[in-house]
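# Survey of secondary and tertiary structure
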Amino acid sequence: MNTTYLLTGLAVMALVTGLIRLIPFLIFSGSKATPPYILYMGKILPPAIMAMLVVYCYKGIQFSPPLHIPSEIIAGIVVVLLHIWKRNSLLSIGVGTILNIILKMYFGI
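Here is a short report on the structure shown in this document.

Reading the values: the criteria
Residues numbered from 1 in each chain as written. Predicted model: local features only at pLDDT ≥ 70, side-chain atom pairs only at ≥ 80, totals over all residues. Heavy atoms only, no water. Salt bridge = Lys/Arg side-chain N within 4 Å of Asp/Glu carboxyl O. Helix = DSSP H or I, 4+ residues; strand = E, 2+ residues; numbered from the N terminus. Buried < 20%, exposed > 50% of the residue type's maximum accessible area, 1.4 Å probe, protein only. Patch = residues over 30% accessible without salt bridge, like charges linked within 9 Å, V, L, I, M, F, W, Y side chains within 5 Å. Areas by Shrake-Rupley, 256 points an atom, 1.4 Å probe, with all protein chains shown as cover.

## Focus on the pattern of salt bridges
- Across all of its chains, the model carries one salt bridge by this definition.
- Lys104 serves as the salt-bridge partner of Glu72, at 3.0 Å between the closest nitrogen and oxygen. With Glu72 in helix α3 (residues 71–86) and Lys104 in helix α4 (residues 89–107), this pair connects stretches of sequence that are 32 residues apart.
- Of the residues examined, Glu72 reaches a relative accessible area of 22% and is grouped as partly exposed.
- Residue class for Lys104 comes out partly exposed when judged on its relative accessible area of 42%.

Listed below in structure tokens is the structure:
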């Protein structure tokens, strides 16, 4: 692949991402009230998406040896507890990710 191809692809992706983020502000701005359905979806979708991500992340876990707790489960518990304690998504996800990497690399669990 040449550089022009990569830069063109990057520019197209940036433009499409910008447009997708701008369109809701263009549609729902002004004097019109936001439809109730959109407000409902704004409340329901974030937790639903997080639940789907959790299921996707844990779908491949195998408990092969007896009493074996995979690093994903340990890191997930730490993420939940840290988020309940500090209420900071970036902190809890970052610490959980780093903990998972450390457990896998250095302890092999």
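Let's pick the thread back up.
## A word on a nonpolar patch on the surface
- Together, Leu15, Leu19, Leu22, Ile23, Phe25, Leu26, Ile27, Phe28, Tyr37, Ile38, Tyr40 and Ile44 line one region of the surface with nonpolar side chains, adding up to about 1200 Å² of accessible area.
- Secondary-structure elements contributing two or more residues to the nonpolar patch are α1 (3–27) and α2 (36–58).
- At seven residues, the largest contribution of residues to the nonpolar patch is made by α1.
- With respect to the helices and strands, Leu19 occurs in helix α1.
- On the accessibility criterion, Leu19 (42% relative accessible area) is partly exposed.

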